[in-house]
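Structural features, examined
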Amino acid sequence: MHSIAEVRVACAALPGSSETFPFDAATLVFKVGGKMYALTNITGDPVTLSLKVRPERGEELRGAYPAIMPGYHLNKRHWVTVTLDGSVPDTLLHELLVDSHALVVRGLTRTQRAELGQA
């Protein structure tokens, strides 16, 4: 993933994912069950993607990749911001995106998870 278009395609493939602009016209937020799991600035150069992570995973990632930093304007323990400059492997980016979505789904109500087929 290197562009906003690629991020949108990857997010759209996740169950129950929706796109919103709740903060301003530039901040694209991806939600599941009404809760945020990813966000990006559509005018950013370079493109960045913020994702929810388990705190220990976030520390590990920040130590391993200079392009992964604490979440910009987010809870630094639970979010990372990844600069999509090609230095983080696409397989890892996809894994982080799927994991972020799964973390949020786990926090939804049983009914919401069932609606997503994730009960």
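Structure's up top.
In what follows, the accompanying structure is described. Since the structure is predicted, the reported quantities are computational estimates derived from the model, not experimental observations. (Residues numbered from 1 in each chain as written. Predicted model: local features only at pLDDT ≥ 70, side-chain atom pairs only at ≥ 80, totals over all residues. Heavy atoms only, no water.)

**Some details on the overall build of the chain**
Within the chain, the secondary structure is distributed over four helices and six strands. Reading the chain from its N terminus to its C terminus gives the helix and strand order α-β-β-β-β-α-β-β-α-α. Against the globule reference of 14 Å for 119 residues, the chain gives a C-alpha radius of gyration of 14 Å, in line with a compact fold. Counting only C-alpha atoms, the chain reaches 40 × 30 × 25 Å along its principal axes. Classification of the 119 residues of the chain by burial places 39% in the buried group. Long-range contacts, defined here as pairs at least 24 residues apart, represent 45% of the contacts in the chain between residues at least 6 apart. Total accessible area on the chain stands at roughly 6,400 Å², and carbon and sulfur atoms take up 54% of it. (Helix = DSSP H or I, 4+ residues; strand = E, 2+ residues; numbered from the N terminus. Rg over C-alpha atoms; globule rule 2.2 N^0.38 Å. Buried < 20%, exposed > 50% of the residue type's maximum accessible area, 1.4 Å probe, protein only. Contact = heavy atoms within 4.5 Å. Areas by Shrake-Rupley, 256 points an atom, 1.4 Å probe, with all protein chains shown as cover.)

**Description of the pairing of strand β3 (residues 35-41)**
Judged from the six bridges that link them, strand β2 (residues 27-32) and β3 form a sheet pairing that is antiparallel. In the strand pairing of β3, Thr27 is matched with Asn41. Counted between consecutive antiparallel strands, the loop separating β2 from β3 contains two residues, among which Gly33 sits at a positive phi close to 60°. Pairing analysis gives two bridges linking β3 to strand β4 (residues 48-52), with the strands arranged antiparallel. (Pairing = 2+ DSSP bridges.)

**Overview of unusual backbone geometry**
Backbone phi values are negative for most residues with the exception of glycine, while trans is the configuration of most peptide bonds. Cis geometry is found at the peptide bond from Asp45 to Pro46, where omega equals 10°. You can see Pro46 is positioned in the loop between β3 and β4. Backbone geometry places His73, a non-glycine residue, at a positive phi of 60°. One can find His73 in the loop between β5 (68-70) and β6 (79-83).

**Details of the side chain of Thr83**
Residue position: Thr83 is located in strand β6. Excluding anything up to four places from it in sequence, Thr83 contacts Pro46, Val47, Thr48, Ala67 and Met69.

**Focus: the nonpolar core**
With 30 residues, the main nonpolar core has Tyr37 and Leu97 as its most contacted residues. Looking at this core, the elements that each hand over two or more residues are α1 (4-12), β2, β3, β4, β6 and α3 (90-106). With six residues, α3 is the largest single contributor of residues to this core. (Core = buried A, V, L, I, M, F, W, Y, C linked by side-chain atoms within 4.5 Å.)

**Section: α3**
The terminal C-alpha atoms of α3 lie 24 Å apart, and with 17 residues this matches the ideal 24 Å at 1.5 Å per residue to within 8%. Those residues of α3 that fall on the buried side of the exposure criterion are Leu92, Leu93, Leu96, Leu97, Ser100, His101, Val104 and Val105. (Expected span 1.5 Å × (residues − 1).)

**A look at the sheet that holds strand β1 (residues 17-20)**
Strand order in the open sheet formed by six strands is β1-β2-β3-β4-β6-β5, and the pairing between neighbours is antiparallel. Where the open sheet ends on each side, the last strands, each with one partner, are β1 and β5. Put simply, the sheet's adjacent strands are angled 25° from each other on average, direction ignored. The sheet strands contacting α1 are β1, β2, β3 and β4, and the helix crosses β2 at an angle near 10°. Strand contacts of α3: β2, β3, β4, β5 and β6, with the helix running at about 145° to β3, the strand carrying the most contacts. (Axes fitted to C-alpha atoms, helices over the stretch in contact; angles between N-to-C directions.)

Everything listed here is a matter of geometry and, on its own, says nothing about what the molecule does.
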